[in-house]
Amino acid sequence: MAFAWKASGLTYNKYLSVAARVVRRSLKDDKRLAAERRGEMELRFAKWTNGKQGDMKSVADANAAAAVESASSS
Amino acid sequence: MNSLRIARTALRARPAAIRAPLQRRGYAEAVSDKIKLSLALPHQSVYKSQDVVQVNIPAESGEMGVLANHVPSIEQLKPGLVEVIEESGGSKQFFLSGGFAIVQPNSELSINAVEGFPLEDFSADAVRSQISEAQKIVGGSGSEQDIAEAKIELEVLESLQAALK
């Protein structure tokens, strides 16, 4: 099976998260506020070089940047 | 005299032998005609191995209805409506954002999805406004990734809008 999202370089994980996000946004207001909190990710990481911690980056932002890079290179 | 007695017991034994297969046929009725449904989301389990009559699922390979004793299979789900027909005869509708349905050999059905809500929890206005927003992005000159994401959103929203009607 050929999927449109696959052709544009997205992973199945990304596809699911986009689909879930839009489902959450379509809820009635009271349910939406509770549900949208589940979509947030605050995971951070830092690269350590020579025993020193580099700057903290958000995993979500870094993933998005990597996806754009891989899409443009392919 | 002796041979006559044997013949008589044989005559008496026969009706029991005829009745036996009939009793064995009745055994099949003891097997449940219900399917055990588990509908699980990461944050909640909606059904936990509950007996239901039928489940209609939107698989990538087409809409399918799952009854008891279904052939074991694994199906990827499209974002769409899952309909559960319960023992009492009533049916419940859930909109799932996409995931997998696994039919196990012993009449068990496991459905996993990221998000799923009863159909009445959705707002038609929110869907309509998001469709026009996503269409703008698809037709616009954003990055390839933005357009791809908007196309996914559009697919989900159109399925949701069709379900809400």
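Residues numbered from 1 in each chain as written. Chains lettered and ligands numbered in written order. Predicted model: local features only at pLDDT ≥ 70, side-chain atom pairs only at ≥ 80, totals over all residues. Heavy atoms only, no water.

Moving on: helix α3 (residues 144-164) of chain B. For an α-helix the count is 3.6 residues per turn, leaving residues at separations of three or four pointing the same way. When the terminal C-alpha atoms of α3(B) are compared, their 30 Å separation across 21 residues agrees well with the 30 Å that a helix rising 1.5 Å per residue should span. Regarding α3(B), the residues found buried are Gln145(B), Ile147(B), Ala148(B), Glu149(B), Ala150(B), Ile152(B), Glu153(B), Leu154(B), Val156(B), Leu157(B), Leu160(B) and Ala163(B). (Helix = DSSP H or I, 4+ residues; strand = E, 2+ residues; numbered from the N terminus. Expected span 1.5 Å × (residues − 1). Buried < 20%, exposed > 50% of the residue type's maximum accessible area, 1.4 Å probe, protein only.)

Along its sequence, chain A is organised into domain 1 (1-40) and domain 2 (42-73). Computed over C-alpha atoms, the centres of domain 1 of chain A and domain 2 of chain A are 22 Å apart. (Domains from an automatic or database assignment.)

Right, let's get into the confidence of the model for chain A. Per-residue confidence for chain A averages 85 on the pLDDT scale, and 92% of its residues sit at or above 70. Element-level pLDDT for chain A is lowest in helix α4 (residues 59-73) of chain A, with a mean of 77, against a maximum mean of 94 in strand β2 (residues 48-49) of chain A. (pLDDT = per-residue confidence, 0-100.)

With that settled, the discussion passes to the nonpolar core. The nonpolar side chains of a soluble globular protein tend to be buried with one another. Trp5(A), Val23(A), Phe95(B), Phe117(B), Phe122(B), Ile152(B) and Val156(B) are the most contacted members of the largest nonpolar core, which totals 24 residues. The biggest single contributor to this core is α3(B), with 7 residues. With residues up to four places along the chain from it excluded, the contact list for Val23(A) reads Phe95(B), Ser97(B), Glu115(B), Phe117(B), Phe122(B) and Val156(B). Counting residues in hydrophobic clusters, the runner-up holds 21 residues, among them Ile57(B), Met64(B), Val82(B) and Ala101(B). (Core = buried A, V, L, I, M, F, W, Y, C linked by side-chain atoms within 4.5 Å. Contact = heavy atoms within 4.5 Å.)

Right, let's get into the packing of aromatic side chains. Each aromatic ring pair is specified by the distance between its two centres and by the angle formed by the two planes. A complete count under the given rule lists 8 aromatic pairs over all chains for this structure. Pairing Tyr12(A) with Phe100(B) gives two aromatic rings, centres 5.9 Å apart and planes at 65°, and the pair type is edge-to-face. Residue Tyr12(A) is found in helix α2 (residues 12-25), and its partner Phe100(B) is found in strand β7 (residues 99-104); the two belong to separate chains. On the basis of relative accessible area, Tyr12(A) is assigned to the partly exposed category, the value being 23%. Overall, Phe100(B) belongs to the partly exposed group, its relative accessible area being 30%. (Phe/Tyr/Trp six-rings, centres within 6.5 Å; stacked < 30°, edge-to-face > 60°.)

This part takes up the pairing of strand β8 (residues 108-113) of chain B. Residue and element names in this part refer to chain B. Bridge count for strand β1 (residues 35-41) against β8 is 5 bridges, and the pairing is parallel. When the bridges of β8 are listed, Leu39 appears paired with Ile111. Strand direction decides the pairing type here: β7 and β8, joined by 6 bridges, are antiparallel. From the neighbouring strand, Gly99 faces β8, where its bridge partner is Ala113. Linking β7 to β8, which pair antiparallel, is a turn of 3 residues; within it Ser107 sits at a positive phi near 55°. (Pairing = 2+ DSSP bridges.)

A separate point is the confidence of the model for chain B. Model confidence for chain B is summarised by a mean pLDDT of 84, while 81% of its residues fall at 70 or above. Among the prediction metrics, the complex's ipTM stands at 0.75, with pTM recorded as 0.75.

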